[in-house]
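Letter by letter, the chains look like this.
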Amino acid sequence: MNTVRFLQMYPQLTNIVPEPEQAAKNVPTWYKEQPAIAGSDIPDRGVMRLTVKKCQAFFDAMAMGYMLKVPCDIYIDTTDGNVNIQLPAAMNKYFSLLISEHSQEQVSHLPIDKDIYCNKILRIHPTWMVKTPPGYSTLFMQPMHQPPSPLQAVEAIIDTDEFFSDGHLSFFVKKNFKGVIKQGTPLAQVFPFKREDWSMELDKEWDPEKTNLQRRVVRSMFQNGYRLKHWHRKVFK
């Protein structure tokens, strides 16, 4: 089994900041409370009305990889158009370690809605760095299917076998937000993957009956057809 290593950049914060966790341990409350079946569990004319709770593909996206957390409570106020930040008093001496910013000019051509997001990019250091085995890179991305957040991650890939992630992560911040992002809130979803060469192929002679057969196999069961007949477990320990 491959091992991804999380390295603490600031040992003095080891017992203060949250540790990274498997993304599967951060399933949000809304998902846990989502009913699996819409309405009655009695099929209507042979069709059971399943919800997103029964979509294995949806869950896999939410549970893949690992989660970096917000290192401490962060108060954000963007109501004046700027990104104003405050940390708890005991964390102020670490402010420059945890918080920095980029100007909007550094991503001046990135197609982002400037009516929604502030000009400056907030940078937050989770204090944990990522290192992977030879041949593996890491995707850093917005946590999938988590509750709405004023932060929008600037997704990126780092070849963390050669260069472990030693810096702040970048986020766009929504305008007209005032509030506290709590310590331990999912900050970035981390997915290590093997670098491989791929080529693209277009198959314009695909037999539609193969697709129809696949659908019949899955839909021969009221629920869990894909999970029981096609799905493979993804393991992140």
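In this report, the structure presented in the accompanying data block is examined.

**So, helix α2 (residues 56-63)**
- The element α2 is extensively covered by neighbouring structure, given that six of its eight residues are classed as buried.
- For α2, every residue scored as buried is listed here: Gln56, Phe58, Asp60, Ala61, Met62 and Ala63.
- Looking one or two places after α2, you find Gly65, whose phi comes out positive at around 75°.

**So, the side chain of Thr78**
- You can see Thr78 is positioned in the loop between β4 (74-77) and β5 (84-86).
- For Thr78, the contacting residues outside a window of four places in its chain are Val83, Cys118, Val173, Lys174, Lys175, Asn176 and Phe177.

**Section: the sheet that holds strand β6 (residues 99-102)**
- Pairing in this open sheet of four strands is antiparallel, and the strands run β6-β7-β12-β10 from one edge to the other. For this open sheet the edge positions go to β6 and β10 (151-153), each flanked by a neighbour on one side alone. With strand direction ignored, the average angle separating the axes of adjacent strands in the sheet is 40°.
- In terms of strand pairing, β6 meets strand β7 (residues 121-124) through four bridges, oriented antiparallel. Bridge pairing in β7 links Glu101 to Leu122.

Calculation notes
- Residues numbered from 1 in each chain as written.
- Predicted model: local features only at pLDDT ≥ 70, side-chain atom pairs only at ≥ 80, totals over all residues.
- Heavy atoms only, no water.
- Buried < 20%, exposed > 50% of the residue type's maximum accessible area, 1.4 Å probe, protein only.
- Helix = DSSP H or I, 4+ residues; strand = E, 2+ residues; numbered from the N terminus.
- Contact = heavy atoms within 4.5 Å.
- Pairing = 2+ DSSP bridges.
- Axes fitted to C-alpha atoms, helices over the stretch in contact; angles between N-to-C directions.

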